[in-house]
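Notes for the structure review
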Amino acid sequence: SQQGEEDPQALSIQEGENATMNCSYKTSINNLQWYRQNSGRGLVHLILIRSNEREKHSGRLRVTLDTSKKSSSLLITASRAADTASYFCATSRNYGQNFVFGPGTRLSVLP
Amino acid sequence: DAGVTQSPTHLIKTRGQQVTLRCSPKSGHDTVSWYQQALGQGPQFIFQYYEEEERQRGNFPDRFSGHQFPNYSSELNVNALLLGDSALYLCASSLRRSTNEKLFFGSGTQLSVL
């Protein structure tokens, strides 16, 4: 079964707006990562947050992690049409263990 | 510095046939993981290879097998293909001892089973 579940399944916003995606998971984790996928091709790593961290930033990306609620959120600020993609969270239970991906959020940024 | 390369990019097979997909990891990486991604779904972990051995396996039948070569490249074999095996197959490489654990993905092989 899926470890992570993203919410919403699909999101449509205007350029310049912020986009927030959420991820919930079921068991304890070592770290949580967010990936982006354009048009069903390879996934690209965006950001990693470890279980002992609460917030991380990378450019226009902000990720939060709440281990008590087993949830994470990805915020993309000042979105651009090029941000249109599917976004997946992936969790690893222990160091070196395989990553489990959620079903993803499909983001559409309209010009 | 070449990234992860997969071949072929597209493949069409019929039910019952066998298929082999190939993956070359990113330079310097020693671990290869394979994922299956059905349309509209997230990637599902098939198995992981390190030091030429299968180290972890997801919930996939024995029809799915793999191999890793001394140069760290890898193959995914699927026997007795079913219609439900139609999917995008993704290879991801990483460095076993890296504290980063970031996965680098190839562009995938789109398999269609008719």
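Residues numbered from 1 in each chain as written. Chains lettered and ligands numbered in written order. Predicted model: local features only at pLDDT ≥ 70, side-chain atom pairs only at ≥ 80, totals over all residues. Heavy atoms only, no water.

**Description of the overall build of chain B**
- Within chain B one finds 0 helices and 11 strands.
- Seen in sequence order, chain B has helices and strands lined up from the N terminus as β-β-β-β-β-β-β-β-β-β-β.
- Since a compact globule built from 114 residues should have a radius of gyration of about 13 Å, the 13 Å found for chain B is in line with a globular shape.
- Along the longest, intermediate and shortest principal axes, the C-alpha atoms of chain B span 40 × 25 × 25 Å.
- Per-residue burial for chain B yields a buried fraction of 47% across its 114 residues.
- Carbon and sulfur atoms provide 48% of the accessible area of chain B, an area that totals close to 5,400 Å². (Helix = DSSP H or I, 4+ residues; strand = E, 2+ residues; numbered from the N terminus. Rg over C-alpha atoms; globule rule 2.2 N^0.38 Å. Buried < 20%, exposed > 50% of the residue type's maximum accessible area, 1.4 Å probe, protein only. Areas by Shrake-Rupley, 256 points an atom, 1.4 Å probe, with all protein chains shown as cover.)

**A closer look at the confidence of the model for chain A**
- In the predicted model, chain A carries a mean pLDDT of 91, and 95% of its residues have values of at least 70.
- The secondary structure element of chain A with the lowest average pLDDT is strand β1 (residues 4–7) of chain A, at 78, and the one with the highest is strand β7 (residues 61–66) of chain A, at 98. (pLDDT = per-residue confidence, 0-100.)

**Side note on the packing of aromatic side chains**
- All told, the structure shown has 8 aromatic pairs over all chains when counted by the stated rule.
- Ring centres of Tyr35(A) and Phe105(B) lie 5.7 Å apart, and the angle between their planes is 85°; on these two criteria the pair is classed as edge-to-face. One end of the pair, Tyr35(A), is in strand β4 (residues 31–37); the other, Phe105(B), is in strand β10 (residues 104–105), on a second chain.
- With relative accessibility at 0%, the residue Tyr35(A) sits in the buried group.
- Between Phe47(B) and Tyr49(B), the aromatic rings sit 5.3 Å apart at their centres with planes inclined by 90°, giving edge-to-face as the arrangement.
- Overall, the relative accessible area of 0% leaves Phe47(B) in the buried class.
- An aromatic cluster is present here, built from Tyr35(A), Phe101(A), Tyr35(B), Phe45(B) and Phe105(B) joined pairwise through their rings. (Phe/Tyr/Trp six-rings, centres within 6.5 Å; stacked < 30°, edge-to-face > 60°.)

**Considering the layout of surface pockets**
- Roughly 360 Å³ of volume is contained in the second largest pocket.
- Gly40(A), Gln37(B), Ala38(B), Leu39(B) and Gly40(B) are, among the 22 residues lining the second largest pocket, the residues nearest its centre.
- Elements supplying a minimum of two residues to the lining of the second largest pocket: β9 (85–92) and β11 (105–110) of chain A together with β9 (87–94) and β11 (109–113) of chain B.
- For the lining of the second largest pocket, the residue count by class is 8 nonpolar, 13 polar and 1 charged. (1 Å grid on protein atoms, 1.4 Å probe; cavity = no way out; pocket = protein on both sides within 12 Å on 5 of 7 lines; lining within 4 Å. Points joined across faces, edges and corners; volume = space filled by probe spheres on them. Nonpolar A, V, L, I, M, F, W, Y, C, P; charged D, E, K, R; others polar.)

**Overview of the pattern of salt bridges**
- All chains considered together, the criterion is met by 6 salt bridges over all chains.
- When the shortest N-O distance is used, the salt bridge between Arg62(A) and Glu55(A) registers 3.2 Å.
- Residue Glu55(A) is classed as partly exposed on the basis of its relative accessible area of 40%.
- Salt-bridge contacts for Arg55(B) lead to Glu51(B); the nearest nitrogen and oxygen are separated by 3.2 Å.
- Take Arg55(B): its relative accessible area is 35%, and that puts it in the partly exposed class. (Salt bridge = Lys/Arg side-chain N within 4 Å of Asp/Glu carboxyl O.)

**Digging into the interface of chain A and chain B**
- At the interface, 24 residues of chain A touch 26 residues of chain B.
- Between chain A and chain B we count 0 salt bridges in total.
- For the pair chain A and chain B, the interface holds 8 residue pairs in polar contact (both at pLDDT 80 or more).
- When residues of the side of chain A that touches chain B are traced back to their parent elements, those giving at least two are β4, β5 (43–50) and β9 of chain A.
- Looking at the side of chain A that touches chain B, its residues break down into 8 nonpolar, 14 polar and 2 charged. (Contact = heavy atoms within 4.5 Å. Polar contact = N/O pair within 3.5 Å; in protein donor to acceptor, adjacent residues only side chain to side chain.)

**A closer look at the side chain of Glu6(A)**
Residue and element names in this part refer to chain A.
- Take glutamate 6: it is sitting in strand β1.
- Reaching out from glutamate 6, the side chain makes a polar contact with the backbone nitrogen of glycine 104 at a distance of 2.7 Å.
- The contact partners of glutamate 6, leaving out residues within four places of it in the chain, are Asn22, Cys23, Trp34, Tyr87, Phe88, Cys89, Gly102, Pro103, Gly104 and Thr105.

**Points about the environment of Leu111(B)**
Residue and element names in this part refer to chain B.
- Locating leucine 111 in the fold gives a position in strand β11.
- Separated by 90 residues in sequence, leucine 111 and leucine 21 place their C-alpha atoms 9.4 Å apart.
- Ignoring any residue separated from it by four or fewer positions in sequence, one finds leucine 111 in contact with Leu11, Lys13, Val19, Leu81, Asp85, Ser86, Ala87 and Tyr89.

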